[in-house]
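# Examination of the molecular architecture
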Amino acid sequence: MAHSASDITDSRLGFASRKRGLAELYTEWYQLQKQYLSAVNGKILELGSGAGFIQQVIPSALTSEVIPCKGVDLFLNGFEVGDRFEAQLSNLLLVNVFHHICDSTRFLEAASKALLPGGRLVMIDPWL
């Protein structure tokens, strides 16, 4: 039986309690992102949250995913972030997401539109 991307992401929820090493890595990445947050007063949004747990490290972060799945605050395509959050974000966070974006220039333009002056795009993407 084929599983949808939503089913696969939903099945990964709670991975932190089952995969200690991976949970430690993500915790380290979230804490690293937290160190680089802009102090500008605005919303913090994580794109591509999936089964992650960023709100345990950055409680005020909104979570999002491009596909319907459990445990995220909103469903959002990265190209829509500029229109949906125009000049509202103090920080836009991505972990393991940028390499999935098919048009990086278009995404970066949208991200720029979403960020407040002094806001930051903080990403960790270990893919080459």
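In case you missed it, the structure is sitting above this.
So, here is what we can say about the structure in this document. Computed from a predicted model, the values in this text were never measured in an experiment. (Residues numbered from 1 in each chain as written. Predicted model: local features only at pLDDT ≥ 70, side-chain atom pairs only at ≥ 80, totals over all residues. Heavy atoms only, no water.)

### Thoughts on the overall build of the chain
Helix and strand counts for the chain come out as five helices and five strands. Element order for the chain, N to C, with α for helix and β for strand: α-α-α-β-β-β-α-β-α-β. Within the span of the chain, comprising 128 residues, buried residues form 40% of the whole. Residue pairs in contact within the chain that sit at least 24 positions apart in sequence constitute 64% of those at least 6 positions apart. (Helix = DSSP H or I, 4+ residues; strand = E, 2+ residues; numbered from the N terminus. Buried < 20%, exposed > 50% of the residue type's maximum accessible area, 1.4 Å probe, protein only. Contact = heavy atoms within 4.5 Å.)

### Considerations on helix H5 (residues 104-114)
Every buried residue belonging to H5 is among Phe 107, Ala 110, Ala 111 and Ala 114, and all of these are buried. Viewed end-on, H5 has its buried residues packed into an arc of 100°, placing them on one side of the element. Turned more than 90 degrees away from the buried face of H5 sit Glu 109 and Ser 112, all of them exposed. If you follow the buried residues of H5, they end up packed against strand S1 (43-47), helix H4 (81-84), strand S4 (89-95) and strand S5 (115-124). (Arc of directions from axis to C-beta.)

### Section: the side chain of Asn 96
Secondary-structure assignment places Asn 96 in the loop between S4 and H5. Taking relative accessible area as the criterion, Asn 96 reaches 18% and is therefore assigned buried. At a separation of 3.1 Å, a polar atom in the side chain of Asn 96 contacts the side chain of Tyr 26. Ignoring any residue separated from it by four or fewer positions in sequence, one finds Asn 96 in contact with Tyr 26, Trp 29, Ile 124, Asp 125, Pro 126 and Trp 127. (Polar contact = N/O pair within 3.5 Å; in protein donor to acceptor, adjacent residues only side chain to side chain.)

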